[in-house]
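# Chain and residue survey
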Amino acid sequence: MMTKSYIDLHMHSMYSDDGEYTPTQLVDMCHEAGVKIMAIADHNWVKANEEAKKHADELGMTYIPAIEIDCTYKGVNLHVLGYGIDNQEVFNQLGEDIEKQELAYSMKKLELTNALGFDLKKEQLDALSTNGVYTGEMFGEALLNDSRYDDHELLKPYRQGGERSDNPYVNFYWDYYAQGKPCYTEIHFPTLEETIQLIHQHGGVGLLAHPGNNLKGQFELFDEMVALGLDGVECFSSYHTTETNEYFYNKAKELNVLYTCGSDFHGKTKPSIHLGENGCLNPQEMEDCLKAHHLI
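## Looking at the overall build of the protein chain
When its secondary structure is counted, the protein chain shows 11 helices and eight strands. By principal-axis analysis of the C-alpha atoms, the protein chain measures approximately 55 × 40 × 40 Å. Out of the 296 residues belonging to the protein chain, those deemed buried represent 54%. Within the protein chain, counting contacts between residues at least 6 apart in sequence, those at least 24 apart form 72% of the total.

Right, dumping it as structure tokens:
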């Protein structure tokens, strides 16, 4: 279990395809978990911010409006967190564009999944999806709960006791649907430069999310991104090793950029991830950093 922090600036509501809870529920859960400063950063949507901020204010908590935008840099798919943004519809238009592409590729994902040796039916995915989009996590959930595949060799790492069983659904996504994997379908995302510009135009700051995940073996790219106008990094993440946390914390200090912490809590797709658990050892110092950048 990671050290608990009273700051958690990365979690997802039901407005993310892979999220579970309403914004109000997340605020209540953060309150119960001792989180005092929070942000819901849904994938390419800002639908949660107004409701969450209203409820956080009622509970005396600090809420920072946020989003997590899919984008690309030098052929690498990235997630960029936008904090302090306004609630302009332009962000939801981005979400609609990406959702349309995801819808178009959902049947292709089903085809690629079945090519691995399965016979999943569309109805099994429809039972898990609210909008017709099939995510990698949904494929993992459908397969792992299909009794026909209880002993399937490919699924053994994701079952209890297996090496990928800590967060089985999302690990199945990373292993089979992420960039470069067998069931990957390419979506057209905005460039990093376009994303930074969009966030800045709407009053926010842009930070690279969980770089240990997206920049494996290419940490030096972060320096280039800062030179392009990126404002900081989520150095403390539930995905990171202690060494990765330290690397990006020290890098943020070296480059004099904003640094944050986030659990990336989703609910059932990541059961081992808990609100407030993100590896941040000194939340007071981070709170001071957030104040210095006028986010709180």
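Continuing now.
## A closer look at the pattern of salt bridges
Under the criterion given, the structure shown has 17 salt bridges. Between K54 and E58 there is a salt bridge, with its nearest N and O atoms 3.2 Å apart. A residue pair is termed a helical-turn pair when its members lie 3 or 4 positions apart in one helix, as K54 and E58 do in helix α2 (residues 49-58) at four residues. Linking E285 and K253 is a salt bridge whose minimum nitrogen-to-oxygen distance equals 3.6 Å. With E285 in helix α11 (residues 283-292) and K253 in helix α10 (residues 242-255), this residue pair connects regions lying 32 residues apart in the sequence. For E285, a relative accessible area of 24% corresponds to the partly exposed category. Residue class for K253 comes out partly exposed when judged on its relative accessible area of 43%.

## Overview of the environment of G217
Among the structural elements, G217 can be located in the loop between α8 (211-214) and α9 (221-227). The exposure class of G217 is exposed, given its relative accessible area of 76%.

## Looking at the nonpolar core
Within soluble globular proteins, side chains that are nonpolar generally end up buried alongside one another. L78, Y83, L192, F222 and M225 are the most contacted members of the largest nonpolar core, which has 52 residues in total. Those residues in contact with M225, other than ones at most four positions away along the chain, are Y73, L78, L192, I196, L208, L215 and L230.

## Looking at the layout of surface pockets
Sizing a probe to match a water molecule and rolling it over the atoms shows the empty space that remains. Quantified by volume, the second largest pocket comes out at close to 340 Å³. In this structure, the second largest pocket is lined by 20 residues; those nearest its centre are M14, S16, D17, G19 and T130. Broken down by element, the residue count for the lining of the second largest pocket peaks at three residues, all from helix α5 (residues 136-144). Classifying every residue of the lining of the second largest pocket gives five nonpolar, seven polar and eight charged.

## Observations concerning the sheet that holds strand β3 (residues 62-63)
The parallel open sheet is built from three strands, whose spatial order is β1-β2-β3. Each edge of the sheet is formed by a strand with only one pairing partner; in this case those strands are β1 (7-8) and β3. Here β1 pairs with strand β2 (residues 37-38) via two bridges, running parallel. Within β2, the residue paired with D8 across the bridge is M38.

## Some remarks on the packing of aromatic side chains
As enumerated under the stated definition, the model contains 15 aromatic pairs in all. With centroids separated by 5.1 Å and ring planes inclined at 40°, the aromatic side chains of F219 and Y247 adopt a geometry described as tilted. Here the residue F219 occupies a position in the loop between α8 and α9, and Y247 occupies one in helix α10, the gap between them amounting to 28 residues. One aromatic cluster is present, formed by Y134, F139, Y158, F172, Y176 and Y177 through successive ring pairs. Lying across the ring of Y6, K36 places its NZ or CZ 5.4 Å from the centre.

The rules behind these values
- Residues numbered from 1 in each chain as written.
- Predicted model: local features only at pLDDT ≥ 70, side-chain atom pairs only at ≥ 80, totals over all residues.
- Heavy atoms only, no water.
- Helix = DSSP H or I, 4+ residues; strand = E, 2+ residues; numbered from the N terminus.
- Buried < 20%, exposed > 50% of the residue type's maximum accessible area, 1.4 Å probe, protein only.
- Contact = heavy atoms within 4.5 Å.
- Salt bridge = Lys/Arg side-chain N within 4 Å of Asp/Glu carboxyl O.
- Core = buried A, V, L, I, M, F, W, Y, C linked by side-chain atoms within 4.5 Å.
- 1 Å grid on protein atoms, 1.4 Å probe; cavity = no way out; pocket = protein on both sides within 12 Å on 5 of 7 lines; lining within 4 Å.
- Points joined across faces, edges and corners; volume = space filled by probe spheres on them.
- Nonpolar A, V, L, I, M, F, W, Y, C, P; charged D, E, K, R; others polar.
- Pairing = 2+ DSSP bridges.
- Phe/Tyr/Trp six-rings, centres within 6.5 Å; stacked < 30°, edge-to-face > 60°.
- Lys NZ or Arg CZ within 6 Å of the ring centre and 35° of its normal.

These figures capture arrangement, not role.
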